[in-house]
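What follows is the residue order along each chain.
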Amino acid sequence: MDMIHLLLLLVSLMDAAQVKELSLMVFIPQTTGNFKYPFGAEMSGGAVLVAIDDIEKEGLLPNHILKPDFVNSRCNAVYGFGNAHLAFANSTYDVIIGPACSSVCRMVARLAAFVNIPCFAGVCQDSEMLNKKEFTTLVRFMGTFEKTGYAFYKVLQRFNWHRVSIIWESHNDKVWWYTLKTLEDLLVEGNNFTIATKVRLGQGAEMSVEDAVRHCAGVSRIILLAVRGESLRNIAIAANKQGLINGRFIFLSAGYYEQPRAYGNFHWRRNDTSDEIAKSAYTAFFFIYYFNRDTSAEYDAFQRKVKEISLKKFGFTYEEDEMIPYPAANLYEAVYLYARSINETVAAGGNISNGTLLSHRLWGRSFHSITGELTLNDNGDREQAYTIKHLQNKQTGDMEVIGHYFSTNDTLVLKSITWPGDGPPIDHPPCGYSNEFCEQVPFFREMDGK
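Just so it is clear, the model here is predicted, and its values are computed rather than measured.

So, on to the state of the cysteines. The tally for this structure, following the rule as stated, stands at three disulfides. Through a disulfide, Cys 105 is tied to Cys 124; the S-S separation comes to 2.0 Å. Of note, the bridge from Cys 105 to Cys 124 carries an S-S torsion of about -80° and is left-handed in sense. Taken as a pair, Cys 105 in helix H5 (residues 102-115) and Cys 124 in the loop between strand S4 (119-121) and strand S5 (138-140) lie far apart in primary sequence, 19 residues in all. With a relative accessible area of 0%, Cys 124 lands in the buried category. Put simply, Cys 431 and Cys 438 are joined by a disulfide, and their sulfur atoms are 1.7 Å apart. The S-S bond linking Cys 431 to Cys 438 shows a torsion near -80°; that makes this disulfide left-handed. By relative accessible area, Cys 431 is classed as partly exposed at 27%. Ordinal numbering of bonded cysteines along the chain defines a disulfide pattern of 1-2, 3-4, 5-6. Of all cysteine sulfurs in the structure, the one in Cys 105 sits closest to Cys 119, which takes part in no disulfide; the separation is 5.2 Å.

Now for the sheet that holds strand S11 (residues 365-369). One open sheet accounts for three strands, arranged S11-S12-S13; its pairing is antiparallel. Two strands close off the open sheet at either side, each with one partner strand: S11 and strand S13 (382-383). Here two bridges tie strand S12 (residues 372-376) to S13, and the two strands are oriented antiparallel to one another. Its bridge partner being in S13, Leu 376 is matched across the sheet by Arg 382. In this fold helix H13 (residues 326-347) packs onto S11, S12 and S13, with an angle of close to 120° to the strand it touches most, S11.

Moving on, we get to the pattern of salt bridges. Applying the stated criterion across every chain, the model contains 23 salt bridges. Here Glu 134 makes a salt bridge to Arg 110, at a shortest N to O gap of 2.4 Å. Here Glu 134 is found in the loop between S4 and S5, whereas its partner Arg 110 is found in helix H5, with 24 residues between them in sequence. Taking relative accessible area as the criterion, Arg 110 reaches 31% and is therefore assigned partly exposed. One salt bridge in this structure joins Asp 410 and Lys 154, with 3.7 Å as the shortest N-O distance. On the criterion of sequence distance, the pair formed by Asp 410 in the loop between strand S15 (399-406) and strand S16 (411-414) and Lys 154 in helix H6 (residues 145-158) is long-range, its members being 256 residues apart. A network of salt bridges, in which partner residues are shared, links Arg 106, Arg 110, Asp 126, Glu 128 and Glu 134.

The subject of this paragraph is the nonpolar core. Counting residues in each nonpolar core, the largest one holds 144 residues, and the members touching the most others are Ile 167, Leu 224, Ile 235, Phe 251, Phe 285 and Phe 302. Here this core gets twelve residues from one element, more than from any other, and that element is H13. Setting aside residues no more than four positions away along its own chain, Phe 302 makes contact with Ala 47, Val 50, Ile 324, Ala 328, Ala 329, Tyr 332 and Ile 370.

Pairing is mixed across the open sheet formed by eight strands, whose spatial order is S7-S6-S8-S9-S10-S14-S15-S16. Looking at which strands have only one partner, the edges of the open sheet turn out to be strand S7 (194-202) and S16. Strand-to-strand twist of the sheet, defined as the mean angle between neighbouring strand axes without regard to direction, takes the value 25°. Bridge analysis of strand S8 (residues 222-226) against strand S9 (residues 250-256) gives four bridges, and the strand direction is parallel. Note on S9: the bridge partner recorded for Ile 222 is Ile 250. The sheet contacts of helix H7 (residues 175-186) involve strand S6 (163-170), S7, S8 and S9, and relative to S6 the element is tilted by about 160°.

Okay, helix H12 (residues 297-314) next. Given a rise of 1.5 Å per residue, 18 residues ought to cover 26 Å, and the 25 Å separating the end C-alpha atoms of H12 matches this to within 8%. Of all the residues in H12, the buried ones are Tyr 299, Phe 302, Gln 303, Val 306, Ile 309 and Ser 310. Buried residues in H12, looked at end-on, bunch into an arc of 135°, giving them a common side. What points out from H12, more than 90 degrees from its buried face, is the exposed set Ala 297, Arg 304 and Lys 312.

For the rest of this paragraph, the subject is the environment of Ile 235. Tracing the backbone shows Ile 235 in helix H9 (residues 229-241). Assessed through its relative accessible area of 0%, Ile 235 is described here as buried. Considered as a pair, Ile 235 and Ser 208 are 27 residues apart in the sequence and their alpha carbons are 10.0 Å apart. Non-local contacts of Ile 235, meaning those with residues more than four positions away in its chain, are made with Ile 167, Leu 201, Val 209, Val 213, Leu 225, Val 227, Phe 251 and Phe 285.

Let's shift gears to the packing of helix H4 (residues 77-90) against H5. A packed helix pair is summarised by two numbers, namely the angle formed by the two axes and the spacing between the axes. Two numbers describe how H4 lies on H5: the axes approach to 7 Å, and their chain directions differ by 30°. Classified by the angle their axes make, H4 and H5 are roughly parallel. As H4 runs across H5, the sense of the crossing is right-handed. Along its contact with H4, which presents Ala 77, Gly 80, Phe 81, Ala 84 and Phe 88, the element H5 presents Ser 103, Val 104, Met 107, Val 108, Leu 111 and Val 115. The residue makeup of the contact of H4 with H5, split by class, is nine nonpolar, two polar and no charged.

The subject of this paragraph is the pairing of S15. Sheet faces and side chains relate simply in a regular strand, where the side chains alternate between the two faces. Note: strand S14 (residues 385-391) against S15, seven bridges, orientation antiparallel. Looking across to S15, one finds that Leu 391 is bridged to Met 399. With antiparallel pairing between neighbouring strands as the criterion, S15 and S16 make up a hairpin whose turn holds four residues, including Asp 410 at a positive phi of roughly 55°.

Cut-offs applied
- Residues numbered from 1 in each chain as written.
- Predicted model: local features only at pLDDT ≥ 70, side-chain atom pairs only at ≥ 80, totals over all residues.
- Heavy atoms only, no water.
- Disulfide = S-S within 2.5 Å.
- Helix = DSSP H or I, 4+ residues; strand = E, 2+ residues; numbered from the N terminus.
- Buried < 20%, exposed > 50% of the residue type's maximum accessible area, 1.4 Å probe, protein only.
- Pairing = 2+ DSSP bridges.
- Contact = heavy atoms within 4.5 Å.
- Axes fitted to C-alpha atoms, helices over the stretch in contact; angles between N-to-C directions.
- Salt bridge = Lys/Arg side-chain N within 4 Å of Asp/Glu carboxyl O.
- Core = buried A, V, L, I, M, F, W, Y, C linked by side-chain atoms within 4.5 Å.
- Expected span 1.5 Å × (residues − 1).
- Arc of directions from axis to C-beta.
- Parallel < 35°, antiparallel > 145°, perpendicular 65-115°, else oblique.
- Left-handed = near helix turned anticlockwise from the far one by under 90°.
- Nonpolar A, V, L, I, M, F, W, Y, C, P; charged D, E, K, R; others polar.

Shown next, in the form of structure tokens:
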């Protein structure tokens, strides 16, 4: 071997020695029985690989290689913590991407804080994790549940609605239970709200859908819904058959994101005999979703790549026109911004093994993202924007965007609304439910005619 080739070999070996491998523990659930989690490996895991590919193409992490290891959390607290413990015993990780599911996140994010590695999560929305003195390395890329609660709060406040009922659904996916708990925490008497009643559907249902609607309508005119799409349509049909689509009742629903495999089909159309009944009822229904810039060319390209990887790596086939779940974009953001934090830390001469440093570098900042503007507050949690939809035109039956709520500045922006009645209803009968809004005439005055 001549001297030139020897020198080239030495340079190559030196460059290789300088390349650092960063191990990503992608801690998300995989298929459980026939249920595929929308934020799980099959439907959303491809977003991690898309992010890594973009990071490499952009040269964001020179001399670093990102190596993902997909670990199954099962979205189960006991299994998730146990599997995390086994994974850490057998491997060394530089970051946790996840965990998905708050029940797992609250335990594993504490472990991440203990070993001081970043924990960049999407579906980890419970209010318990607001305590960043405990969850010191946690960054959350999906709006937390209390922000969804504030979206409800602002709509109710705007129309002077203070008395509500809640219908919620018990399901394997705990999102509806977390929504209920958030609403219970916010809509308290101290905030000038009254929850007249709560009814559970689904697993361990307290009554039928028809009876739930009848019961709630008997004690309130504003009914909040935390249910899957199929249950919501059944509620709408029951409400119409009970004569509640008369302008005096309003139903406000948490939809989060429109992905039928995730939360069921929220549309009124099923091509059955109840379509017209449901469509008419939807004029009294309002839906709160996460805002997502899902119509851009950038997002379209992202979706195509995720779908391709879902098929090739995870054996999952999307329907032709099916949208990827919103949490896929949050996984992408988590990986991409981890790389960006590494890049900035290296440039500043910092220690990339310090998880607290890497996490806090992103707090209180805004970034351009495939979902639009991404703002992380000073607590390391995403400021979420929400879209409010309503069936404005009963002839077309199309759901239209009628407003947005921005948690960044706690602002609700609404367009003109086509109400099912003459305008927004009041939240009680003229005299209230206990005659509290009408003058109580003493019996002796009635006798005296005074």
